[in-house]
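# A closer look at the structure
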Amino acid sequence: MTPVLVSVIVPVLNGARFLGECLGSLIAQDHPALDIVVVDAGSTDGSAQLAEGFSGVRVLRRANEGLSASRNAGLGAAAGPLIGFCDSDDVWKPDKARRQVEYLEAHPDVGVVLCRQDTMFEPGAAWPDWLRPDQVRGDLDGVSPTSGLFRRAVFDRLGGFRGMDQLGTEFDLELLIRARAAGLPIALLEDALCVRRIHGDNLTSRSEPFLAPMFKVVRDHLRSRT
Amino acid sequence: MAAMRFRSNKPRMVDETVDGETLIIDMVSGSYFSCVGASAAAWIALSHGATAAETARLLSSTYRIATSEAERDVEQFVATLLGDEVLVVLEEGDPTNGGPPALDTPGHEYQPLRLERYTDLADLILLDPVHDVSVAGWPSRHE
């Protein structure tokens with residue numbers, strides 16, 4: 001049976017520092033059919049050139065219109081019926097794509113399958129003040145919305161990611177909430193299949209000053225219910 | 001209970017009030033709560049350190065209802081808020097919100113106080129949101 005093609009969208013803006021390791025982890029996937037799309041938003045640090053040096057990686061060059069727009073551009077170029085995302089400073093474990101594909105093939109009703117993540121500290125990286133143990137499981141690792149492998153049908157039905165101008169970094173959450181509201185089941189693999197890197201430069205939206213977008217996402221959902 | 005003062009159960013609970021509607025999100029359970037109109041006004045007063053009696057008087061004068069009705073409603077409302085751990089008793093030395101702000105009740109008639117609780121997004125609210133998203137680059141330094 002021909003393996004299903006998985007498109008992986010990697011948005012990058014001046015992320016050359018970790019991009020090579022990221023792409024290396026994608027190329028090393030044990031799923032045999034991968035379509036890697038790097039969306040470079042005008043990097044000046046050689047990110048696009050670095051990505052073009054990887055065999056089998058397509059690179060889209062475009063102006064910087066934000067992370068959501070880069071992801072949507074990647075969606076427009078993605079060839080696979082299954083689509084994943086990898087931030088340019090993170091890495092996938094070798095079996096991530098395969099395990100998520102297997103799950104979606106076994107569960108045709110599920111629209112997106114998430115997975116847990118490991119947390120990796122760069123040498124010398126300070127403990128960020130936003131980093132807290134997972135609320136459910138008590139460890140540091142948690143589940144990133146970015147970890148999802150999506151059916152293309154999800155985006156056909158919902159459209160792409162909405163803008164960061166209003167949603168801040170909550171555009172992932174907003175998409176998942178729309179998926180749930182549309183009745184598309186969201187599943188979770190309890191195994192950590194990707195690795196987020198703590199390098200002291202990460203941003204997070206859940207600290208107090210960044211909560212406004214989350215309120216907007218939840219409020220919009222609440223209003224859509226009534 | 002009449003003399004107790006309260007505060008929002010921060011940092012577990014985060015809240016925002018817009019156009020007379022308060023949204024409270026429980027960052028531990030992923031539940032979220034909504035209250036509107038007089039309920040939102042009561043929440044604002046209570047979470048800023050007002051006693052139940054003070055809150056009842058505030059509602060009574062704002063909505064022109066009997067004090068006894070307001071007192072009964074506020075007492076039940078406080079019990080609900082405490083039961084859901086949205087509100088906690090203010091202990092000596094706790095930080096306060098500096099007293100209740102002026103009430104803004106745009107177009108709302110008085111309705112018995114009510115806190116709506118939702119759990120449909122709990123698993124999603126608890127997802128880990130870390131991203132690298134400044135306009136300077138992804139990843140980018142937190143200024």
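Residues numbered from 1 in each chain as written. Chains lettered and ligands numbered in written order. Predicted model: local features only at pLDDT ≥ 70, side-chain atom pairs only at ≥ 80, totals over all residues. Heavy atoms only, no water.

This part is about the overall build of chain B. Tallying secondary structure elements over chain B gives four helices and six strands in all. Mapped in sequence order, the helices and strands of chain B form the string β-β-β-β-α-α-α-β-β-α. Burial status across chain B gives 49% buried among its 143 residues. Residue pairs at least 24 apart in sequence account for 67% of intrachain contacts in chain B once pairs closer than 6 positions are excluded. Counting only carbon and sulfur atoms, one obtains 48% of the accessible surface of chain B, whose full area is about 6700 Å². (Helix = DSSP H or I, 4+ residues; strand = E, 2+ residues; numbered from the N terminus. Buried < 20%, exposed > 50% of the residue type's maximum accessible area, 1.4 Å probe, protein only. Contact = heavy atoms within 4.5 Å. Areas by Shrake-Rupley, 256 points an atom, 1.4 Å probe, with all protein chains shown as cover.)

Once that is clear, we can look at the overall build of chain A. Helices and strands together make up the secondary structure of chain A, namely eight helices and eight strands. Sorting the 226 residues of chain A into buried and exposed places 57% on the buried side. Put simply, of all contacts in chain A between residues at least 6 apart along the chain, 75% involve residues at least 24 apart. Surface summary for chain A: the accessible area is close to 9000 Å², and the carbon and sulfur share equals 53%.

Glancing now at the packing of aromatic side chains. All names here are of chain A. Tallied over the full model, the rule gives seven aromatic pairs over all chains. Geometrically, the ring pair formed by phenylalanine 85 and phenylalanine 161 is edge-to-face, given 5.2 Å between the ring centres and 85° between the ring planes. Of this pair, phenylalanine 85 sits in strand E4 (residues 82-85) while phenylalanine 161 sits in the loop between helix H5 (152-158) and helix H6 (164-167), placing them 76 residues apart in sequence. Taken individually, phenylalanine 85 and phenylalanine 161 each receive the classification buried, so the pair is uniform in this respect. The positively charged end of arginine 71 is found above the aromatic ring belonging to phenylalanine 161, 4.9 Å away from the centroid. (Phe/Tyr/Trp six-rings, centres within 6.5 Å; stacked < 30°, edge-to-face > 60°. Lys NZ or Arg CZ within 6 Å of the ring centre and 35° of its normal.)

All names here are of chain A. By the definition in use, this model includes zero disulfides over all chains. Free of any disulfide, cysteine 115 has its nearest cysteine sulfur in cysteine 194, 3.9 Å distant. Cysteine 115 gets classed as buried once you look at its relative accessible area, which sits at 0%. (Disulfide = S-S within 2.5 Å.)

The biggest cluster of nonpolar side chains holds 41 residues, and the ones touching the most others in it are Ile25(B) and Tyr32(B). With six residues, helix H7 (residues 171-181) of chain A is the single largest residue contributor to this core. Setting aside residues up to four positions removed in sequence, Ile25(B) forms contacts with Met214(A), Phe215(A), Val218(A), Arg12(B), Met13(B), Val14(B), Ser31(B), Tyr32(B) and Ile125(B). Residues Val6(A), Val10(A), Val110(A) and Leu193(A) belong to the second largest nonpolar core, which totals 29 residues. (Core = buried A, V, L, I, M, F, W, Y, C linked by side-chain atoms within 4.5 Å.)

For the rest of this paragraph, the subject is helix H3 (residues 67-83) of chain B. All names here are of chain B. For H3, with 17 residues, the first-to-last C-alpha span of 24 Å sits near the 24 Å given by 1.5 Å per residue. Looking only at H3, the buried set comprises Ala70, Asp73, Val74, Phe77, Val78 and Leu81. Along the axis of H3, the buried residues cluster in a sector spanning 140°; they form a single face. Away from its buried face, by an angle of more than 90 degrees, H3 presents the exposed residues Gln76 and Gly83. Contacts from the buried residues of H3 go to strand E1 (6-8), helix H1 (38-47), helix H2 (52-63) and strand E5 (87-89). Within two residues after H3, glutamate 85 carries a phi angle of roughly 60°, on the positive side. (Expected span 1.5 Å × (residues − 1). Arc of directions from axis to C-beta.)

Listed in full, the buried residues belonging to helix H4 (residues 96-106) of chain A are Lys96(A), Ala97(A), Gln100(A), Val101(A) and Leu104(A). Each buried residue of H4(A) lies within a common arc of 120° when the element is viewed along its axis, so the set occupies one face.

Now for the sheet that holds strand E2 (residues 34-40) of chain A. What holds strands together in a sheet is hydrogen bonding between their backbones, with the strands either parallel or antiparallel. All names here are of chain A. The sheet built from eight strands is open, its strands ordered E3-E2-E1-E4-E7-E6-E8-E5 with mixed pairing. Each edge of the sheet is formed by a strand with only one pairing partner; in this case those strands are strand E3 (57-61) and strand E5 (91-92). Inspection of the sheet shows E5 paired to strand E8 (residues 186-198) by two bridges, in the antiparallel sense. Along E8, the bridge assignment pairs valine 91 with valine 195. In the packing of helix H3 (residues 67-77) onto the sheet, contacts are made with strand E1 (6-12), E2, E3 and E4, and the angle to E1 comes to roughly 150°. Strands E1, E2, E4, E5, strand E6 (112-121), strand E7 (149-151) and E8 of the sheet are contacted by H4, whose axis makes an angle of about 165° with E8. (Pairing = 2+ DSSP bridges. Axes fitted to C-alpha atoms, helices over the stretch in contact; angles between N-to-C directions.)

So, to be careful, I would describe these as geometric facts and stop short of saying anything about function.
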